[in-house]
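# Structural overview
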Amino acid sequence: RYKDAGRREAFVRELLPRLQEIPGAEAVAVTSDLPATSLGTVGVKIQGQPDLPANQVRTTADTIVTPDYFRTAGITVLRGRSFSEQDNETAARVVMVNQKFVDRYLSGEDAIGKQIRLEVSGAPPGWREVIGIVNNVKTYSESASEDPGVYEPFLQRPVASFSLIVRVATDPNGLTSAVWNAVA
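The structure displayed is predicted, hence computed values, not measured ones.

The next thing to look at is the packing of aromatic side chains. In this structure the tally under the stated criterion is 7 aromatic pairs. Seen in terms of ring centroids, Tyr69 and Phe70 are 5.2 Å apart; in terms of plane orientation they differ by 80 degrees. Their pairing is edge-to-face. The pair formed by Tyr69 and Phe70 is uniform in burial state, with each residue classed as buried. With 5.2 Å between their ring centres and 75 degrees between their planes, Phe101 and Tyr105 make a pair best called edge-to-face. Of the two residues, Phe101 and Tyr105 both sit in helix H3 (residues 99-105), 4 residues apart, roughly one turn of that helix. One exposure class covers both Phe101 and Tyr105, and it is buried. Among the aromatic side chains, those forming a connected cluster through ring pairs are Tyr69, Phe70, Phe83 and Tyr151.

Bringing the nonpolar core into the picture now. Grouped together as the largest cluster of nonpolar side chains are 17 residues, with contacts concentrated most on Val97, Phe101, Ile116, Leu118 and Val150. When contributions to this core are tallied by element, the ones reaching two or more residues are strand S2 (41-46), strand S5 (94-98), H3, strand S6 (115-119) and strand S7 (128-134). Ignoring any residue separated from it by four or fewer positions in sequence, one finds Ile116 in contact with Val44, Lys45, Ile46, Val95, Phe101, Gly126, Trp127, Arg128, Val130 and Val150. Leu16, Ala25, Ile64 and Leu155 belong to the second-largest nonpolar core, a separate cluster that totals 14 residues.

Turning next to the confidence of the model for the protein. The predicted model of the protein averages 89 in pLDDT, with 96% of residues at 70 or higher. By mean pLDDT, strand S9 (residues 144-145) is the weakest element of the protein at 64, and S7 is the strongest at 98.

Before going further, it helps to spend a moment on the pattern of salt bridges. Scanning the model with the defined rule gives 12 salt bridges in all. Measuring nitrogen to oxygen at the nearest pair gives 2.8 Å for the salt bridge that ties Arg13 to Glu9. Separated by 4 residues within a single helix, Arg13 and Glu9 lie in helix H1 (residues 5-20), roughly one turn from each other. For Glu9, a relative accessible area of 11% translates into the label buried.

What follows concerns the pairing of S7. Along S7, 6 of the 7 residues are buried, which leaves the element largely enclosed by surrounding structure. Alignment of strand S4 (residues 77-80) against S7, held across 3 bridges, turns out to be antiparallel. Across the sheet, the residue bridging to Arg79 is Ile133, located in S7. Here 5 bridges tie S5 to S7, and the two strands are oriented parallel to one another. By the bridge assignment, Val97 is partnered in S7 with Ile133.

Further remarks concern the environment of Ile165. The topology assignment puts Ile165 in strand S11 (residues 163-168). Sequence spacing of Ile165 and Pro50 is 115 residues, and the spatial spacing of their C-alpha atoms is 38 Å. Excluding residues within four positions of it along the chain, Ile165 makes contact with Ala27, Val28, Ala29, Thr31, Leu34, Pro35, Tyr69 and Thr72.

As a further point, take the pairing of S2. Remark: a regular strand shows side chains that alternate across the two faces of the sheet. Direction of pairing for S2 relative to strand S3 (residues 59-65): antiparallel, over a ladder of 3 bridges. Considered in S3, the bridge of Gly43 is made with Thr59. Where S2 and S6 come together, 4 bridges link them in antiparallel fashion. Note that in S6 the partner of Gly43 across the bridge is Glu119.

The rules we used
Residues numbered from 1 in each chain as written. Predicted model: local features only at pLDDT ≥ 70, side-chain atom pairs only at ≥ 80, totals over all residues. Heavy atoms only, no water. Phe/Tyr/Trp six-rings, centres within 6.5 Å; stacked < 30°, edge-to-face > 60°. Buried < 20%, exposed > 50% of the residue type's maximum accessible area, 1.4 Å probe, protein only. Helix = DSSP H or I, 4+ residues; strand = E, 2+ residues; numbered from the N terminus. Core = buried A, V, L, I, M, F, W, Y, C linked by side-chain atoms within 4.5 Å. Contact = heavy atoms within 4.5 Å. pLDDT = per-residue confidence, 0-100. Salt bridge = Lys/Arg side-chain N within 4 Å of Asp/Glu carboxyl O. Pairing = 2+ DSSP bridges.

Below, the structure is given as structure tokens:
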């Protein structure tokens, strides 16, 4: 319904505090893809590494998230920092990567501070700085696997389609109507 990025960002900025006010909600976040689902992949280039032939492209899962996503989803930040409200459309482009990304594409190198470029249709062009490394999350399609993954801040790329995650301290079924009301 919200065709431009500014309106999508405004909607999410208004929604998350409403969800946080729901009794029993411990943390809330928005994500383009839910954890442990089968994720699509995008090409990635790493500054300082040679381009590969077309049949050997580096690929990674790409997930767009709000700042509290990792806490809400129970994903540990291993090094560096998580996203913040300052990682918005006017700030330098940043990403976080998972440990599998580091192992596969940056073996022996420090990932923090590396510059990567995602080859994503509709994404802002240019290099993004790696600011943090997180635990791997298994994805499930035909079988469980741990794949390289990149996370982008929602405030830098407000996507049109997303899911809500609410971590609760009570029975989640009792919160359904409160979540629907907050969204409405």
